[in-house]
Amino acid sequence: MTLNTFGQLFRVTTFGESHGPAIGCVVDGCPPGIELAPGDFVADLARRATGKTRHTSARREADEVEIVSGVYEGRTTGTPIALLVRNTDARSKDYDAIASQFRPGHADYTYWQKYGIRDPRGGGRASARETTMRVAAAVIAKKWLGDRHGVQVRGYLAQIGNVLPRECDWAAVESNPFFWPDAAQVPELESFMDALRKSGDSVGARVSVIATGVPPGWGEPVYGKLDAEIAAAMMSINAVKGVEIGDGFASVAQHGSMHRDQASTAGFLSNHAGGILGGISSGQQVLVSAAFKPTSSLRLPARGLDTAGNEVEIVTTGRHDPCVGIRAVPICEAMLALVLMDQALRHRAQCGDVGEVFPRIP
Ligand code: EPS
């Protein structure tokens, strides 16, 4: 793999496999002086973790972050920050049967075609386990964005299968296992997921993420557009098959008279653009959605090939997520925060002297 690094000035490199001894990341370019302790990572890593409810994989990882570089007396020093999380609950035997098979819909086949070798245990590097380190790195980004700019990044599950929330209430999101914004619908989702799990199948989901407080000016046209980098960041998450900014694909059916976001001295009158114009933030909320495919590790038998080229029946056992989108809310938040932090630093580097330009639409 030649590219395990993300970002230009705030650069995150992740390493490790699902069943290796540890996963980790190196964060380069972090401003000095940010307060950072292992305890800062606990909340977001727990939000992303498996084994917390019956609706996600039963693997129970300690997910304890060791800070092995870049922090002195509780503050970042400007040197590379290295974070390490040891894998504590890998059960590699679960993968014996499929080590010589390619799960339909999984990266097993493409990794094999590319490298001629693969670590089949837990999906190796293609595992959702890798996203732990993105969330850890983004804890630093979220902190800096919040303290320095008042930027807040938060997300919710906006669709699971064909079920859509009837209400959108932020207060509900963190109080149920689905990050679902409609508390009244949670029992319906519980039954839906219980039936799905019993059936052995999986389902897709949509995650929406919103950044508030982003000032106008972040994003670098034309090859470093804020929306282009957000799309790349979201697409780099396992299982993501689509990304929308603002109205996204709904824009296809719209007329310009509707889509354009008009302005008054009181502010913008709508936000179809999702807070980004010409690849640069407008000062409105940045609105992003990602589509997650249904996971491919199923105990329902499927037709496929083994590594000898024979047609075989493929059945995946072990501990899997029937809807990986459920755990993806903190991961999408993380990727948006990483892009915003990187763009904020790049904006400061080039345009730090420009200051506030008149008029600013509130
Ligand atoms: C995953 C399969 C399961 C999940 C894992 C992602 O792992 P295992 O088969 O080893 O039990 O638990 O997710 C995590 C461990 C995590 O921390 O996100 C997969 O196939 O992607």
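Keep in mind that what you see is a predicted model, and the values were worked out from it rather than measured.

Trainee: Now, about the environment of glutamate 190: what can you tell me, with residues and values included?
Mentor: Secondary-structure assignment places glutamate 190 in helix α5 (residues 186-199). For glutamate 190 and valine 329, which are 139 residues apart along the polypeptide, the C-alpha to C-alpha distance reads 18 Å. Contacts of glutamate 190, omitting those with residues within four sequence positions, involve Arg54, His55, Pro177 and Phe178.

Trainee: How would you sum up the nonpolar core? Please name residues and give values.
Mentor: In terms of nonpolar packing, the biggest core is built from 78 residues, with Phe10, Ile160, Ile230, Phe292, Leu336 and Leu340 touching the most fellow members. When residues in this core are grouped by element, the largest group, 13 residues, is from helix α8 (residues 329-351). If sequence neighbours within four positions are ignored, phenylalanine 292 has contacts with Gly204, Ala205, Val207, Ile237, Asn238, Ala239, Val240, Val324, Gly325, Ala328 and Cys332.

Trainee: Before we move on, can you summarise the site of the ligand with the specific residues and values?
Mentor: Around the ligand lies a shell formed by His19, Arg48, Thr50, Ser57, Arg59, Tyr95, Ser127, Ala128, Arg129, Arg319, His320 and Arg327. Between the ligand and arginine 129 there is a distance of 2.8 Å, counted from an oxygen atom to a side-chain nitrogen or oxygen. One of the side-chain nitrogen or oxygen atoms of arginine 327 is found 2.8 Å away from an oxygen atom of the ligand. In isolation the ligand offers 480 Å² of accessible surface; the protein chains occlude 94% of this area. In the shell around the ligand, the residues fall into two nonpolar, five polar and five charged.

Trainee: I'd like a rundown of the packing of helix α3 (residues 131-149) against α8, residues and numbers included.
Mentor: Where α3 meets α8, the axes come as close as 8 Å, and the angle between the chain directions of the two elements is 50 degrees. In terms of axis orientation, α3 runs oblique to α8. For the pair α3 and α8, the sense of crossing is left-handed. For the pair α3 and α8, contact is made by Thr131, Arg134, Val135, Ala137, Ala138, Ala141, Lys142, Trp144, Leu145 and Arg148 and by Pro330, Ile331, Glu333, Ala334, Met335, Ala337, Leu338, Leu340, Met341, Ala344, Leu345 and Arg348, respectively. Here the contact of α3 with α8 is composed, by residue class, of 16 nonpolar, one polar and five charged.

Trainee: Tell me about the sheet that holds strand β1 (residues 5-6), residues and numbers included.
Mentor: Where strands meet in a sheet, backbone hydrogen bonds hold them as pairs that are either parallel or antiparallel. Here five strands make up an open sheet; going across it, the order is β1-β2-β3-β7-β4 and the pairing antiparallel. This sheet does not close on itself; its edge strands, each paired only once, are β1 and β4 (65-69). Alignment of strand β2 (residues 11-16) against strand β3 (residues 22-28), held across six bridges, turns out to be antiparallel. Bridge assignment links glycine 16 to a residue of β3, and that residue is isoleucine 23.

Trainee: Quick rundown of unusual backbone geometry? Include the residues and the values.
Mentor: Cis geometry is adopted by the peptide bond preceding valine 222, which originates at proline 221 and carries an omega value of 0 degrees. Positionally, valine 222 belongs in the loop between β9 (205-212) and α6 (226-235). Going from phenylalanine 358 to proline 359, the amide bond is cis rather than trans, its omega being -10 degrees. With respect to the secondary-structure elements, proline 359 resides in the segment after α8. The phi torsion at glutamate 73 lies on the positive side, around 50 degrees, for a residue other than glycine.

Trainee: Tell me about the packing of aromatic side chains, and name the residues and values.
Mentor: This model, assessed by the stated rule, comprises four aromatic pairs. Seen in terms of ring centroids, phenylalanine 102 and tyrosine 109 are 5.5 Å apart; in terms of plane orientation they differ by 80 degrees. Their pairing is edge-to-face. Since its relative accessible area comes to 43%, tyrosine 109 is described here as partly exposed. Consider the rings of phenylalanine 102 and tryptophan 112, whose centres lie 6.0 Å apart with planes at 55 degrees: the pair is tilted. With phenylalanine 102 in the loop between β7 (81-86) and α2 (108-115) and tryptophan 112 in helix α2, this pair connects stretches of sequence that are ten residues apart. On the accessibility criterion, tryptophan 112 (30% relative accessible area) is partly exposed. Through successive ring pairs, a cluster of aromatic residues spans Phe102, Tyr109 and Trp112. Positioned over the ring face of tyrosine 115 is lysine 114, at 5.7 Å from the centre of the ring.

Trainee: Just give me the short version of the side chain of threonine 50, but keep the residues and values in it.
Mentor: Mapped onto the elements of the fold, threonine 50 is located in the loop between α1 (42-48) and β4. In this structure threonine 50 comes out as buried when scored by relative accessible area, which is 14%. Among the polar contacts listed, one links the side chain of threonine 50 to the backbone oxygen of arginine 59, at a separation of 2.5 Å. Once you skip the residues sitting within four places of it in the chain, threonine 50 turns out to touch Thr56, Ser57, Arg59, Asp321 and Arg327.

Trainee: Outline the environment of alanine 43, listing residues and values.
Mentor: Among the structural elements, alanine 43 can be located in helix α1. For alanine 43 and valine 139, which are 96 residues apart along the polypeptide, the C-alpha to C-alpha distance reads 9.4 Å.

Trainee: With reference to specific residues and values, describe the pattern of salt bridges.
Mentor: Counted by the stated rule, this structure contains 29 salt bridges. Note that glutamate 333 is salt-bridged to arginine 47, the shortest N-O span being 2.9 Å. Of this pair, glutamate 333 sits in helix α8 while arginine 47 sits in helix α1, and the two are 286 residues apart along the sequence. Overall, the relative accessible area of 1% leaves glutamate 333 in the buried class.

Trainee: Explain the pairing of β7 to me, and be specific about the residues and the numbers.
Mentor: Burial runs high along β7: five of the six residues are buried. Sheet analysis places β3 next to β7, joined by six bridges and oriented antiparallel. Paired with glycine 24 across the strands is leucine 84, a residue of β7. Note: β4 against β7, four bridges, orientation antiparallel. Looking across to β7, one finds that glutamate 66 is bridged to leucine 84.

Rules used in this analysis
Residues numbered from 1 in each chain as written. Predicted model: local features only at pLDDT ≥ 70, side-chain atom pairs only at ≥ 80, totals over all residues. Heavy atoms only, no water. Helix = DSSP H or I, 4+ residues; strand = E, 2+ residues; numbered from the N terminus. Contact = heavy atoms within 4.5 Å. Core = buried A, V, L, I, M, F, W, Y, C linked by side-chain atoms within 4.5 Å. Buried < 20%, exposed > 50% of the residue type's maximum accessible area, 1.4 Å probe, protein only. Near = heavy atom within 4 Å. Polar contact = N/O pair within 3.5 Å; in protein donor to acceptor, adjacent residues only side chain to side chain. Areas by Shrake-Rupley, 256 points an atom, 1.4 Å probe, with all protein chains shown as cover. Nonpolar A, V, L, I, M, F, W, Y, C, P; charged D, E, K, R; others polar. Axes fitted to C-alpha atoms, helices over the stretch in contact; angles between N-to-C directions. Parallel < 35°, antiparallel > 145°, perpendicular 65-115°, else oblique. Left-handed = near helix turned anticlockwise from the far one by under 90°. Pairing = 2+ DSSP bridges. Phe/Tyr/Trp six-rings, centres within 6.5 Å; stacked < 30°, edge-to-face > 60°. Lys NZ or Arg CZ within 6 Å of the ring centre and 35° of its normal. Salt bridge = Lys/Arg side-chain N within 4 Å of Asp/Glu carboxyl O.

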